[in-house]
Amino acid sequence: IIRGSIPTNYRRGEKIMKLFINEFIKDYKKKTTWLYFLLSFGIILLNSYFAKRQFEDGIDAVKILSGITVVSAALALVFSLIMLANNLSQEYSKGTIKFLYTKPKSRSAILTAKIVLAFINYIIFLVVGTVFDFLTKYYVFFDRKVGLNHLNDTIEEGYFGRTVTKQLIITNLADLAVFIFFVAMVVLVCVVFKTQILSLVLVMLSLLGTGLIQGLTILAVSKYSWAKYHMFDVPLFSNYYQNEAARQTVKEVFKFDNANALIIMLVAYSVVFFTISYIVNARRDITID
């Protein structure tokens, strides 16, 4: 049994890898992908311009460097989720899902390849955006005063005594964890609704409406503690590790004394969403013309 399972698992991984490579090539042949990069660069430049005006009286290189990934991470999340939603829903709207299912590849392998690609896209957008942000800040906006030599410096009060490096590692790992939840939610929406426009609208409403829904439930949380466990509070997990002020807000306003409940919510919602998605995807009838 052990001998037979190894080749089977290897072949399954090989199929997923081939599917992933095909999906990756398809993504980076699209003009919209490169448009997203251009939009990212434009937003990053605009943010750097306002940052320069904010620090006109004196440059705080440590604080600037400690937040070098914030904008890039937010843009990476939005654009990679939009690409994921397109990749999933377009297969149904254009009918290409029928072609995929005629190949000797399982439905779960096809879905898994698209999910893996979403994480790779997130990393690419994050890294490219961060490098671009650093280079423009270093050479254009702050005249080489925001350098990598500040990575081991300790950030001023309000950041748990972290160094810049530790701050970047912790916040980006927390953001990645929240990204897993959003991927699970997007996959569920797209698999269930199939229609490209509807899926994109629901995805964007979920992303943009998270803060609004959190705000609307604050009053309810003060009276009913169980009201804080809805899925739109999951992104508070990254806020909890952002800085001391954000953690205090999570504790006092949203009533999460520690991150344990947020971790459980993140894992539970993600597992449920992924499970439903794979079940629905596996059992849906597709007519092959």
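Residues numbered from 1 in each chain as written. Predicted model: local features only at pLDDT ≥ 70, side-chain atom pairs only at ≥ 80, totals over all residues. Heavy atoms only, no water.

### Thoughts on the overall build of the protein chain
Within the protein chain, the secondary structure is distributed over 11 helices and zero strands. For the protein chain, the α and β elements follow one another from N to C terminus as α-α-α-α-α-α-α-α-α-α-α. Within the protein chain, buried positions represent 44% of all 289 residues. Approximately 15,700 Å² of the protein chain is accessible, and the part contributed by carbon and sulfur atoms is 65%. (Helix = DSSP H or I, 4+ residues; strand = E, 2+ residues; numbered from the N terminus. Buried < 20%, exposed > 50% of the residue type's maximum accessible area, 1.4 Å probe, protein only. Areas by Shrake-Rupley, 256 points an atom, 1.4 Å probe, with all protein chains shown as cover.)

### Quick look at the nonpolar core
Counting 51 residues, the largest nonpolar core has Leu81, Phe182, Val183, Val187, Phe237 and Leu262 as its most contacted members. Elements represented by at least two residues in this core include exactly α2 (31-54), α4 (70-93), α6 (107-141), α7 (164-193), α8 (196-223), α9 (236-240) and α11 (260-283). Per-element tally for this core: the top contributor is α7, with 14 residues. Setting aside chain neighbours within four positions, we find Leu262 in contact with Asp233, Leu236, Phe237, Tyr240, Val250 and Phe256. Core analysis: the second largest hydrophobic core is formed by 15 residues, Leu65, Ile68, Phe134 and Val146 among them. (Core = buried A, V, L, I, M, F, W, Y, C linked by side-chain atoms within 4.5 Å. Contact = heavy atoms within 4.5 Å.)

### Notes on α7
Residue pairs spaced three or four apart in an α-helix point in one direction, given the helix's 3.6 residues per turn. Helix length check: α7, at 30 residues, gives a terminal C-alpha distance of 43 Å against a target of 44 Å (1.5 Å per residue), a fit within 8%. Two residues or fewer after α7 comes Lys194, characterised by a positive phi angle close to 65°. (Expected span 1.5 Å × (residues − 1).)

### Quick notes on the packing of α6 against α7
Where α6 meets α7, the axes come as close as 11 Å, and the angle between the chain directions of the two elements is 140°. Considering their axes alone, α6 and α7 lie oblique with respect to each other. Regarding α6 and α7, the two cross each other, and that crossing is right-handed. Where α6 approaches α7, its residues Leu111, Ile115, Ala118, Phe119, Tyr122 and Leu126 are matched on the opposing element by Asn172, Asp175, Leu176, Phe179, Ile180, Val183, Val187 and Val191. Partitioning the contact of α6 with α7 into residue classes produces 12 nonpolar, one polar and one charged. (Axes fitted to C-alpha atoms, helices over the stretch in contact; angles between N-to-C directions. Parallel < 35°, antiparallel > 145°, perpendicular 65-115°, else oblique. Left-handed = near helix turned anticlockwise from the far one by under 90°. Nonpolar A, V, L, I, M, F, W, Y, C, P; charged D, E, K, R; others polar.)

### Looking at a nonpolar patch on the surface
A surface patch of nonpolar side chains, about 540 Å² in accessible area, is lined by Ile123, Val127, Val131, Leu135, Tyr139 and Val140. Inspection of the secondary structure assignment puts Tyr139 in helix α6. (Patch = residues over 30% accessible without salt bridge, like charges linked within 9 Å, V, L, I, M, F, W, Y side chains within 5 Å. Salt bridge = Lys/Arg side-chain N within 4 Å of Asp/Glu carboxyl O.)

### A short note on the environment of Ile16
One can find Ile16 in helix α1 (residues 2-27). The sequence separation of Ile16 and Val116 amounts to 100 residues, and the corresponding C-alpha distance is 9.2 Å. Sequence-distant contacts of Ile16, defined by excluding residues within four places in its chain, comprise Ala109, Thr112 and Ala113.

### Remarks on the packing of α6 against α11
Closest axis-to-axis distance for the α6/α11 pair is 9 Å, and the angle between their directions is 135°. Considering their axes alone, α6 and α11 lie oblique with respect to each other. Between α6 and α11 lies a crossing of right-handed hand. Every residue of α11 that contacts α6 at Arg107, Ser108, Leu111, Thr112 and Ile115 is listed here: Phe274, Ser277, Tyr278, Asn281, Ala282 and Arg283.

### Overview of the environment of Ser80
Among the secondary structure elements, Ser80 is positioned in helix α4. With relative accessibility at 0%, the residue Ser80 sits in the buried group. In contact with Ser80, other than residues within four places in its own chain, are Ala118, Asn121, Tyr122 and Phe179. A polar side-chain atom of Ser80 sits 2.4 Å from the main-chain carbonyl oxygen of Ala76. (Polar contact = N/O pair within 3.5 Å; in protein donor to acceptor, adjacent residues only side chain to side chain.)

### Structural notes on the packing of aromatic side chains
Following the criterion strictly, the structure yields 23 aromatic pairs and no others. Within the aromatic cluster, the residues linked to one another by ring pairs are Phe20, Phe24, Tyr28, Trp34, Tyr36, Phe37, Phe41, Phe79, Phe125 and Phe132. The residue whose ring lies beneath Lys228 is Phe256, and the NZ or CZ to ring-centre distance is 5.1 Å. (Phe/Tyr/Trp six-rings, centres within 6.5 Å; stacked < 30°, edge-to-face > 60°. Lys NZ or Arg CZ within 6 Å of the ring centre and 35° of its normal.)

### With respect to the pattern of salt bridges
Summed over all chains, the structure comprises four salt bridges. The residue Lys26 makes a salt bridge to Glu23 at a minimum N-O spacing of 3.4 Å. Of the two residues, Lys26 and Glu23 are both situated in helix α1; the distance of three residues between them amounts to about one turn of the helix. A salt bridge links Glu23 to Lys114; the shortest N-O distance between them is 3.1 Å. Taken together, the residues Glu23 in helix α1 and Lys114 in helix α6 connect sequence positions 91 residues apart. Residue class for Glu23 comes out buried when judged on its relative accessible area of 5%. You can call Lys114 buried: its relative accessible area is 3%. Salt bridges sharing common partners tie together Glu23, Lys26 and Lys114.

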